[in-house]
Every structure is written in structure tokens, then in C-alpha cells.
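# Topology and contacts: notes
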Amino acid sequence: MMYKIVSIPGDGIGPEVVAGALEVLNAIAKKHDFEVTVEEHLFGGASYDVHGSMLTDETLEACKNCDAVLLGAVGGYKWENLPHEQKPEAALLRIRKELGLFANLRPAKVYDALVASSTLKTEVVQGTDFMVFRELTGGIYFGQPRGYDETRGWNTMVYERYEVERIARLAFEYARKRGNAKVTSIDKANVLEVSQFWRNIVHEVHQDFPEIELVDMYVDNAAMQVVRNPKQFEVIVTSNLFGDILSDISGMITGSLGMLPSASIGSEHALYEPIHGSAPDIAGQNKANPIATIASVAMMFENSFDRPEVAGEIYAAIEDALAAGFRTGDIAAPGEATCSTTEMTAAIVARI
Ligand code: NAD
Ligand code: IPM
Ligand code: MN
């Protein structure tokens, strides 16, 4: 098999964790005799500093002409005072929109070796395994009008029927594949009209999946339920902003934000990235946890290449490295020795 990957490491710890993920990708390719080509492009602040643009046409075109994109993270102190539409984060939204990546899959799965690393009690987190379907190209992130002046600031939360239909359908289809898993749709329908609309459409789509249990939940309660009893969730479907917030909370169930991968998919393109950001507080120190990005490569094999068994090998190598005691600082329990980004990467590569 031949796979053409575009890598856009971005800023902060992005290049460090992407380097680790590419080592794992190369090891898997070697093992299976896949031919993998990786083309690297600048993105975010790293691109701005060279080209004066966070997302050049060249990078965008490359992302449109490959089998999958691997992204690190963007953003940092250096660029945070630029005008809003010029910030690295705006470029990330643009790339998602241009590639049509309307669904962001964010799994929260607890590795047994890490139950003690969570700030939550072992019996609460052990066995947690749910998937968040976050709508990614609509909602308040993209609604018009938006802006601020001296006296007010405003954004618009809006959803079109087709936007809710397609993310809901994807979530129900996934739930069906998972043996008719329960779907929880999270909204704020008690206050927001856009959420009532979301709820109505999700229920319409549900009529095509009568064998699947659908539960509605308000987002404030959901945030509490995720830490109270995460095992009640199997599939979550929610809007862009709520999904952003809930997936970071879910990260702590798994021990660290540094553990959570994601797949952003559309009908033509796909991009894989950790859910965390550029972590400027630890950037350049070889301290970042590369597992979220390495697991994002596993999601690439599952979603873009239809090779779940290859993904399984990557997850197993991660699990083995954790079981052998390798811990970056973010997942070390009190008193446990820590390793670097490159040591964690090497430990995983050695187990491929
Ligand atoms: P962040 O996710 O970068 O960091 C939050 C905390 O988690 C920090 O203490 C950080 O050190 C830690 N952390 C994150 N990833 C880690 C890893 N792999 N290993 C170990 N520790 C890790 O969020 P933030 O601090 O709110 O944002 C920093 C910058 O990143 C901002 O510019 C923000 O806009 C950007 N950001 C980008 C993305 C993205 O590119 N997808 C996502 C979130 C935030
Ligand atoms: C994420 C990030 C982004 C988001 C930002 C950096 C635009 O927080 O990928 O979760 O809010 O989607
Ligand atoms: Mn986020």
C-alpha cells in the first residue's frame, strides 16, 4: 500500500510530538511494507514568521492533495496579540472549513496502566471508553455576525439543518457499529433556540436508528456527569463549542490532555491531531507527551486507511510502553520517575 501524508507540525510542542508520531508511522510502515511518503509544510505561527501568513495556499493545496494530514498544534504567546482574524487559531478554523472536516471524533479511553494518573478515583475512571462526535465546521465558531468594538462584543451561534443532520447520522452509524451503543446528545435546549433546533433534528435522524437508545442532556449537567460517572457515556454528539470544552474535561479521565487523539473527517479529506494545544509552557524542553499524536496516527489507520488491525498494533505498543512504566511528566503519578518525549517515543517504537 502507498500512503501520502502531509505533516503540518505547527507551533510549540507541535514539532516535538509530530516527530514522535512520524517515527511510529515509519516503524509501522516498515513492519507492513507500506510505502509512506511524508511531505512537511509550515502552518500557524511557524508559517507566519516565514511567509507572513498563518496558512499559505501552498500548505492548503498540499492538505487537499494527500491521503491524510497529521497536525501538531498551533498558537503561542508570540502571536496572541495579532488581530483576531490573523491569529494562528483562525488559520486552524480555516483549514477545517476549507477541507470540509465537519466531524471531530475524540475518543476518551482509559488505559489500565494509567488509572492511578487521573486526578479522579480509580473506580470512577477504570473502564471508561466513550467517543465524542464534535461538530467542527459550524456553530458559534463560524456564525456571522461576529466582532467587537469599544462598547460590545458579539458572536452568533447558528446551525443549518444539514449540518446537524450529517453529524447526528455519523454518530448513530458509529453507535450501530459499536453494537447499538447509547447516544447522548448534549445541548442547552432549555435556554438556546439553536439548541432546541439541534435537539429536534437529532430526534428526526434518530427515527432511522430505532434500535439505538438516545438520551438528551444539558451541557452543564453533562460536564458534571463526565466526572461523576464517565462510564454512563458511550457515544456523545454535540456542537462545536460544547464538544471543545467537554473533550478537554474528558482528557482528565484518561490522566492527561497529552493522551487524547482526534480525527477530523469530512466527505473528501481527513486530518488527525491531538486534542491538546501547543503547550507553550513546556515547548522545546523534550517534556511533552507524544501519545495523543501517536494515537492520532492509529486513528488515521482506522478511519482513512480502513486498517483497524494496524491501529490496534499502535494502541497495543502504547499500552505496553505504559505498562513497562514509561511516563512523561503529565502522566506520572506522584513519586513516579518521568521520561522525555523522545524516550517515550523510542519505547513505543521498540514495541511496534
Ligand atoms: P494546551 O492544550 O496547549 O495546554 C494546556 C495544559 O496542558 C498546559 O499546562 C500544557 O503544558 C499541558 N499539555 C498539553 N498538551 C500536553 C502534552 N502533550 N504533554 C504534556 N502536557 C501537555 O492549552 P492552552 O495552554 O490553553 O493553549 C496554548 C496554545 O495552544 C494557545 O495558543 C491555544 O490557542 C492553542 N491551542 C491549539 C490547539 C490546536 O492547535 N488544536 C488546541 C488547543 C489550544
Ligand atoms: C481544539 C482547540 C481549537 C478549538 C482552537 C485552538 C481553535 O481548542 O482543537 O480543541 O477550539 O477547536
Ligand atoms: Mn480545545
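Predicted model, so just to flag it, every value in this text is computed and none were measured.

On to the site of ligand 2. Every residue close to ligand 2 is listed here: G75, E89, L92, L93, D244, I275 and G277. Sort the elements by how many residues they give to the shell around ligand 2 and helix α4 (residues 88–98) lands first, with 3 residues.

Take the domain arrangement of the protein next. As a measure of interface size, the accessible area lost when the parts come together is often cited. Per the domain assignment, the segments making up the protein are domain 1 (1–102 + 266–352) and domain 2 (123–258). Domain 1 and domain 2 are separated by 24 Å when their C-alpha centres are compared. Every contact between the two is made by 15 residues of domain 1 and, on the other side, 15 residues of domain 2. Elements with a minimum of two residues in the side of domain 1 that touches domain 2: α4 and α10 (291–303). Per-element tally for the side of domain 1 that touches domain 2: the top contributor is α4, with 3 residues. Considering only residue class, the side of domain 1 that touches domain 2 consists of 8 nonpolar, 4 polar and 3 charged.

With that settled, the discussion passes to the nonpolar core. One finds V69, F133, V235, Y272, V297 and I314 to be the most contacted residues of the largest nonpolar core, which totals 102 residues. No other element matches the 9 residues that α10 contributes to this core. Split by domain, this core shows at least three residues from each of two domains, domain 1 (1–102 + 266–352) and domain 2 (123–258). Ignoring sequence-local partners within four residues, the contact set of I314 consists of V24, I28, I294, V297 and A298.

The interhelical angle for the contact between helix α1 (residues 14–32) and α10, taken along N-to-C directions, is 40°, at an axis separation of 8 Å. Relative to α10, the element α1 is oriented oblique. For the pair α1 and α10, the sense of crossing is right-handed. Contacts between α1 and α10 involve V17, V18, G20, A21, V24 and L25 from the former and T293, I294, S296 and V297 from the latter. In the contact of α1 with α10, the residues fall into 7 nonpolar, 3 polar and no charged.

Calculation rules
- In this numbering scheme, every chain counts its residues from 1 along its sequence in written order.
- All chains are assigned letters beginning at A, and all ligands numbers beginning at 1, according to the order in which they are written.
- Restriction of local features to residues with pLDDT of at least 70 applies here, the model being predicted, together with a cutoff of 80 or more for giving and counting side-chain atom pairs; totals for whole chains, interfaces and linings are based on all residues.
- For each residue, a C-beta atom is placed from the backbone, and the residue counts as near a molecule or strand when that atom lies within 6 Å of it.
- Runs of E in the DSSP output that reach at least two residues are strands. Runs of H or I that reach at least four are helices, and both are numbered from the N terminus.
- Those domain boundaries reflect an automatic or database domain assignment.
- What counts as a contact here is a pair of residues whose C-beta atoms, placed from the backbone, lie within 7 Å.
- Under the convention adopted here, Pro, Cys and the residues Ala, Val, Leu, Ile, Met, Phe, Trp and Tyr are nonpolar, Asp, Glu, Lys and Arg are charged, and Gly plus all remaining residues are polar.
- The term nonpolar core refers to a group of buried residues, namely Ala, Val, Leu, Ile, Met, Phe, Trp, Tyr and Cys, whose C-beta atoms join them within 7 Å.
- Exposure criterion: with C-beta atoms placed from backbone coordinates, a residue whose C-beta has 20 or more other C-beta atoms within 10 Å is buried, one with 12 or fewer is exposed, and one in between is partly exposed.
- Orientation is described by lines fitted to C-alpha atoms, with helices fitted over the stretch in contact, and by angles between N-to-C directions that extend from 0 to 180 degrees.
- Angle categories are assigned with fixed cut-offs, so that under 35 degrees is roughly parallel, over 145 is roughly antiparallel, 65 to 115 is roughly perpendicular, and the rest are oblique.
- When the near helix sits turned anticlockwise from the far one by under a right angle, the crossing is termed left-handed; a clockwise turn instead gives a right-handed crossing.

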